[in-house]
Amino acid sequence: AQTVTQSQPEMSVQEAETVTLSCTYDTSENNYYLFWYKQPPSRQMILVIRQEAYKQQNATENRFSVNFQKAAKSFSLKISDSQLGDTAMYFCAFMKQIYGIQGAQKLVFGQGTRLTINP
Amino acid sequence: DTEVTQTPKHLVMGMTNKKSLKCEQHMGHRAMYWYKQKAKKPPELMFVYSYEKLSINESVPSRFSPECPNSSLLNLHLHALQPEDSALYLCASSQVLKGDGELFFGEGSRLTVL
């Protein structure tokens, strides 16, 4: 079974600083997707960034980038120039394709990291 | 329209009540999901519908009854719930064949069982 581990329950940084959130996972699959989702106090889960396992290049989305180390099964999120609006719970997630059920997808979430950006 | 709309946002019910949660999307997604999220915990998958058919039931108690009447709607019928069922219930949808994993989530329905 796939597992996702986030070892930092809480983090706090000052506005404009750079912060890195850690995530490790365990799987025997070779092809899969990894995600970082953000859940602000408003409750809605929002996709921050996605990484396809077969791609060597690390994904980037504006101030958000990942460091994907497939051999080490590590997938960290770097937030540059952090902003107050980045305050949220961040979940690392692994997507397991469910074979035999057409297109159904199951996300396995880590326990989350509560990130606070201080003014 | 990239929204998943959930109603009601808040629901308080007694253990003998029958209530329903509703989820709607108009993105043409043919996979829809119910997740349960307890405070400070990650979402836990409950059910998956693919092409309006129940694909996955993660051993959820029968007091939770999902229904997918059409490709845009997903309901979760609640009956004889327990206080420990109090949680945030999240609905999500995704494309089926694209398979890139992006789930679009609603804001959730906060359920309190007295």
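Overview of the structure. (Residues numbered from 1 in each chain as written. Chains lettered and ligands numbered in written order. Predicted model: local features only at pLDDT ≥ 70, side-chain atom pairs only at ≥ 80, totals over all residues. Heavy atoms only, no water.)

**Concerning the overall build of chain B**
For chain B, the count of helices and strands is zero helices and eleven strands. Overall, chain B shows an N-to-C arrangement of helices and strands of β-β-β-β-β-β-β-β-β-β-β. At 13 Å, chain B has a C-alpha radius of gyration in line with the 13 Å of a compact globule built from 114 residues. With the C-alpha coordinates aligned to their principal axes, the bounding extent of chain B is approximately 40 × 25 × 20 Å. Within chain B, buried positions represent 51% of all 114 residues. Across chain B, every contact between residues at least 6 apart in sequence was considered, and the portion connecting residues at least 24 apart equals 54%. Summing over all exposed atoms, chain B offers an accessible surface of approximately 5,300 Å²; the carbon and sulfur share of this is 49%. Once the 13 positive and 12 negative side-chain charges of chain B are each reduced to a mean point, those two points are 7 Å apart. (Helix = DSSP H or I, 4+ residues; strand = E, 2+ residues; numbered from the N terminus. Rg over C-alpha atoms; globule rule 2.2 N^0.38 Å. Buried < 20%, exposed > 50% of the residue type's maximum accessible area, 1.4 Å probe, protein only. Contact = heavy atoms within 4.5 Å. Areas by Shrake-Rupley, 256 points an atom, 1.4 Å probe, with all protein chains shown as cover. Lys, Arg positive; Asp, Glu negative; His and termini not counted. Charge placed at Lys NZ, Arg CZ, Asp CG, Glu CD.)

**Let's talk about the state of the cysteines**
Residues and elements named next belong to chain A. One pass over the full model with this rule turns up two disulfides over all chains. Each sulfur in the disulfide pair cysteine 23 and cysteine 92 lies 2.0 Å from the other. Because the sign of the S-S torsion sets the handedness, a value of about -70° for the bond joining cysteine 23 and cysteine 92 places this disulfide among the left-handed ones. Residue cysteine 23 is found in the loop between strand S3 (19-21) and strand S4 (24-26), and its partner cysteine 92 is found in strand S10 (residues 88-97); the two are separated by 69 residues along the sequence. With a relative accessible area of 0%, cysteine 92 lands in the buried category. (Disulfide = S-S within 2.5 Å.)

So far we have only geometry, and geometry alone does not tell us how the molecule works.
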